[in-house]
Amino acid sequence: MTTYTLKKGTYLCGDPAMIFKKTEEGDRVIRQLWDTFYLDMQAFQHLMIQGVDLYITRTAEGDGVYQGVGTDTGTLMLICVDDHLNDERLNLTLHRPGMKTLELEDQSTVTVNRFNISFSNGITIITNSDDMR
Amino acid sequence: MMLNATWDGGATWNREHVWPNSRLGMDRVDGYEKNQASDLHNLRASSVSINSSKSDRVFLDGSGVADITSYGFYPGDDHRGDVARIIFYMAITYDFLELIDDDTLLANEDDHYTLEGARMGKLSILLAWHKQDPISEFEIARNNRIASIQGNRNPFIDHPEFVHLIWENKTIGDLLKPVTTSYQHDVIMYIDFRKEHYDNLYA
């Protein structure tokens, strides 16, 4: 189980494939993201990739749609939108289908346990079907 | 690469949706439901890093091994025909899935996980791959195995000529015209073989 502290702000949670634009610049970041993430893919990681500050975990069961949050990469990431405004490499459109937009009013925490994501405000994204029963 | 033969919870390999999950027109999936997201014909075992690289990308041309190419993904010389026939299967099995050529629509990701965004491509490239990478013994064995479990077949593995009848507006007569390529020759030999088979069967 790994926990990180999050500052107040607007966050997007979803598939990195939907957050990084499929441009030359976006592809450069995502290639490095995969190279870094897969060095320790079982861990919930806080990474800084070419100036993009993000949190990333794999899901328990790969591709899928987990409580409305979808992934084609078998991973889900969390990014503070306020820190990356005007970053042309990113698509930070809020309230898109398949993604979750979170407004954190205060400092909060995010925890990943058995590849399930839970926020201290009570929002959870369960990717391990054994934990749904 | 050595991988576990049984499902290990995604630790070493993924169940990859060839027609991407985000482009299947579903915003929620119940893990126990049978639907377009659980169709075995659309699922392939994949290394986790390849699954991540392919992600929600459409299929675009390339050469050599699997890699990102422009806004799309090239599955590799040895897999491109398999991929094409899986995508064709999905397009005819689920009539709300759209197979198109329009780059602008294919690159739009804002309607993923909606019915409007249930589109995939690129059709013209997939048609070319179907010809360039003919059906393999592996695909036939996989089709047989899935049929024994799921109860239906990928018709484009059993009848490769159907692709030309459906997406290239060809007729059986067109396919029986004198040939110039080895691929067309293979297709015609296949049709002749089946005709002979049925003639004998019902003689």
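Note that the coordinates shown come from a computational prediction; the quantities given were computed from them, not determined experimentally.

A. Expanded view of the overall build of chain B. The helix and strand inventory of chain B stands at 9 helices and 7 strands. In chain B, buried positions account for 34% of the 203 residues. Looking at chain B alone, contacts between residues at least 24 apart form 58% of all its contacts between residues at least 6 apart.

B. Inspection of the sheet that holds strand E4 (residues 52–58) of chain A at higher detail. Residues and elements named next belong to chain A. The 5 strands lie next to each other as E3-E4-E7-E2-E8, forming an open sheet whose pairing is antiparallel. Only two strands of the sheet have a single partner each, and these edge strands are strand E3 (45–49) and strand E8 (100–104). Strand after strand, the sheet turns through a mean of 25° between neighbouring axes, direction not considered. Relative to strand E7 (residues 75–80), strand E2 (residues 9–14) runs antiparallel, the two sharing 4 bridges. Following the sheet pairing, Cys13 is matched in E7 by Leu78. Strands in contact with helix H2 (residues 24–37) are E3 and E4; relative to E3, the strand with the most contacts, it is inclined by about 145°.

C. Inspection of the environment of Leu92 of chain A at higher detail. All names here are of chain A. Tracing the sequence through the fold places Leu92 in the loop between E7 and E8. A C-alpha to C-alpha distance of 9.0 Å links Leu92 and Ile79, two positions 13 residues apart in sequence. Not counting residues up to four positions away in its chain, the partners in contact with Leu92 are Leu12, Val81 and His84.

D. Just the packing of helix H2 (residues 80–93) of chain B against helix H4 (residues 123–132) of chain B, in detail. Residues and elements named next belong to chain B. It is the contact of H2 with H4, at a shortest axis distance of 8 Å, that shows an interaxial angle of 125°. Judged by the inter-axis angle, H2 sits oblique to H4. Once H2 is placed against H4, the crossing between them reads as left-handed. Residues Arg80, Gly81, Val83, Ala84, Arg85 and Ile87 of H2 touch H4, and the partners they reach there are Leu126, Trp129, His130 and Gln132. Looking at the contact of H2 with H4 residue by residue, the class counts come to 5 nonpolar, 3 polar and 2 charged.

E. Just the sheet that holds strand E10 (residues 116–119) of chain A, in detail. All names here are of chain A. Ordered by their spatial adjacency, 4 strands build an open sheet running E1-E9-E10-E11, and the pairing between neighbours is antiparallel. In the strand order of this sheet, the two ends are held by strand E1 (2–6) and strand E11 (124–125), each with one partner. Relative to E11, E10 runs antiparallel, the two sharing 2 bridges. Paired with Ser118 across the strands is Thr124, a residue of E11.

F. Layout of the interface of chain A and chain B. Taken together, the contact pairs 26 residues of chain A with 30 residues of chain B. Broken down by secondary-structure element, the contributors of at least two residues to the side of chain A that touches chain B are helix H1 (16–19), H2 and strand E5 (64–66) of chain A. In terms of residue class, the side of chain A that touches chain B is made up of 8 nonpolar, 11 polar and 7 charged.

G. Expanded view of the confidence of the model for chain B. Across chain B, the average pLDDT comes to 86, with 82% of residues at or above 70. Under the prediction, the complex receives an ipTM of 0.90, its pTM being 0.87.

H. Representation of the pairing of E7 of chain A. All names here are of chain A. Taken across its 6 residues, E7 has 5 buried, putting it largely inside the fold. Relative to E7, E4 runs antiparallel, the two being bridged by 5 bridges. Paired with Leu54 across the two strands is Ile79, which belongs to E7.

I. Broad picture of H4 of chain B. Residue and element names in this part refer to chain B. Within H4 the residues assigned to the buried category are Leu123, Leu126, Trp129 and His130. Down the axis, H4 shows its buried residues gathered within 120° of arc, on one side only. Seen from the buried face of H4, the exposed residues on the opposite side, beyond 90 degrees, are Ser124 and Gln132.

What counts, and where the lines are drawn
- The written sequence of each chain sets the order in which its residues are numbered from 1.
- The order in which chains are written sets their letters, starting at A; the order in which ligands are written sets their numbers, starting at 1.
- Selection of residues for local features in this predicted model requires a pLDDT of at least 70, selection of side-chain atom pairs for listing and counting requires 80 or more, and totals for whole chains, interfaces and linings are taken over all residues.
- Note on conventions: DSSP H or I runs of at least 4 residues are helices, E runs of at least 2 residues are strands, and numbering of each starts at the N terminus.
- Any residue surrounded by 20 or more other C-beta atoms within 10 Å of its C-beta is treated as buried, while 12 or fewer makes it exposed and the intermediate range makes it partly exposed; C-beta atoms here are placed from the backbone.
- The contact criterion used here is simple: two residues whose C-beta atoms, placed from the backbone, lie within 7 Å are in contact.
- Strand pairing is assigned whenever DSSP identifies at least 2 bridges connecting the two strands.
- With axes taken as lines fitted to C-alpha atoms, and helix axes fitted only over the stretch in contact, angles between N-to-C directions fall between 0 and 180 degrees.
- Roughly parallel means an angle under 35 degrees; roughly antiparallel means over 145; roughly perpendicular covers 65 to 115; every other angle is labelled oblique.
- Handedness of each helix crossing follows the sense of rotation of the near helix against the far helix: counterclockwise by less than a right angle gives left-handed, clockwise gives right-handed.
- Each residue is assigned to one of three groups, with Ala, Val, Leu, Ile, Met, Phe, Trp, Tyr, Cys and Pro labelled nonpolar, Asp, Glu, Lys and Arg labelled charged, and all others, Gly among them, labelled polar.
- pLDDT expresses, on a scale from 0 to 100, how confident the predictor is about each individual residue.
- Throughout, the arc means that of the directions going from the helix axis to the C-beta atoms.

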